[in-house]
Amino acid sequence: MLKLEHVTKYYGNFKAVDDLSFEVKPGEIFGLLGVNGAGKTTTFRMIIGLLDNFEGKITLNGKKIDYNITDKIGFLTEERSLLTKFTVKEQCLFYGRLKNMPEEEILKKLDYLLERFGVPEYKDKKIKELSKGNQQKIQFITAVLNDPELLILDEPFSGLDPINVELFKEYIVELSKKGSMIIFSSHRMEHVELFCKNLVVLKDGQAVLSGYLKDIKEKFRKKNIIINGDVDIESIRKIKGVNEVEENALDIIVRIDNQDVAPKVFKEVSKSKNIIKYALEEPTLNEIFVAKVGESYEK
Ligand code: ATP
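Notes on the structure follow.

### Considering the site of the ligand
Every residue lining the ligand is accounted for by Tyr11, Phe14, Ala16, Val35, Asn36, Gly37, Ala38, Gly39, Lys40, Thr41, Thr42 and Glu78. In this structure, Gly37 approaches the ligand through a main-chain N or O atom, which is 2.7 Å from an oxygen atom. For the ligand, an oxygen atom lies 2.7 Å from a polar atom in the side chain of Lys40. Contact with the protein chains hides 61% of the accessible area of the ligand, taken as 640 Å² for the molecule alone. Looking at the shell around the ligand, the elements with two or more residues in it are strand E2 (14-24) and helix H1 (40-47). No other element matches H1, which puts 3 residues into the shell around the ligand. For the shell around the ligand, the per-class residue count stands at 5 nonpolar, 5 polar and 2 charged.

Following this line, the structure appears as structure tokens:
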């Protein structure tokens, strides 16, 4: 288990991370979220042992993280950290050896992963010759080469098309099922919702929201009603407890204060003879994020 206990980090007089505590258990995919500058990268760096001058405690399976256990960690950074003049094989050999993997095992795993991600022909290509999305694949392959016990993924889907996002997702879920602890950071809330049962949202280095997504959504109370059909929008707007009615290309979204408002909206909607869809849904993580952090996380 990865455990952060009351972690605080200063850069000079500036407090970048403020009394942060959370746990990630084996098999769990944990979301670490926050707007730009909230303290995510600083937290990642402390976890992998790149920043050691901080208050509080970070342990992996009860032990302080040092060079003896970094072999068990995989880190995919938001910015590319590839050795672009190397070939894919050379780069993987370089990082694999740093993680104390025997050469034979590195090459076997590399072949498997290149095949799995549909790019076996890139093995002897220089990284700088690859497209942005394919460089991201190589960066991901490098991070998971050693089947890490703890895997940190900072914006892993950046630059990927939807088909490749699916390939990555499948592999990440597979790793978690095998028992890896995964920390996931993304500006794409739909990815976070899909993956992470448990999360923390940082604002100015402090956790402003934390816990199980299911509980967070329940506690938030506000709900959305999705309608497709001919309804009198102005009458719905006038119902007490209706905060907003929004029309998009497909649906009408009625944002309500709490579940008790839903029957009133339903009564109004049922006056129409042409309703194709009526659904009561939980708020999206982005809506909760906006309410808590005061700005949208989706770019
Ligand atoms: P982003 O989403 O933009 O990557 P982040 O959540 O990862 O942001 P951090 O990079 O951890 O945020 O930065 C947190 C705060 O600490 C920011 O205000 C940043 O300016 C500051 N900071 C980060 N690194 C340093 C440093 N080496 N020296 C001084 N201040 C720093």
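### Quick notes on the sheet that holds strand E12 (residues 242-247)
Read from one edge to the other, the open sheet built from 4 strands follows the order E12-E13-E11-E14, with strand pairing classed as antiparallel. In this open sheet, the two strands that pair with only one neighbour each are E12 and strand E14 (275-281). Ignoring strand direction, the axes of neighbouring strands in this sheet form an average angle of 15°. Bridge analysis of strand E11 (residues 223-229) against strand E13 (residues 252-256) gives 5 bridges, and the strand direction is antiparallel. Its bridge partner lying in E13, Asn224 is registered against Arg255. Of the strands in this sheet, E11, E12, E13 and E14 touch helix H9 (residues 262-269), which is tilted by about 175° from E14.

Calculation notes
Residues numbered from 1 in each chain as written. Predicted model: local features only at pLDDT ≥ 70, side-chain atom pairs only at ≥ 80, totals over all residues. Heavy atoms only, no water. Near = heavy atom within 4 Å. Polar contact = N/O pair within 3.5 Å; in protein donor to acceptor, adjacent residues only side chain to side chain. Areas by Shrake-Rupley, 256 points an atom, 1.4 Å probe, with all protein chains shown as cover. Helix = DSSP H or I, 4+ residues; strand = E, 2+ residues; numbered from the N terminus. Nonpolar A, V, L, I, M, F, W, Y, C, P; charged D, E, K, R; others polar. Pairing = 2+ DSSP bridges. Axes fitted to C-alpha atoms, helices over the stretch in contact; angles between N-to-C directions. Contact = heavy atoms within 4.5 Å.

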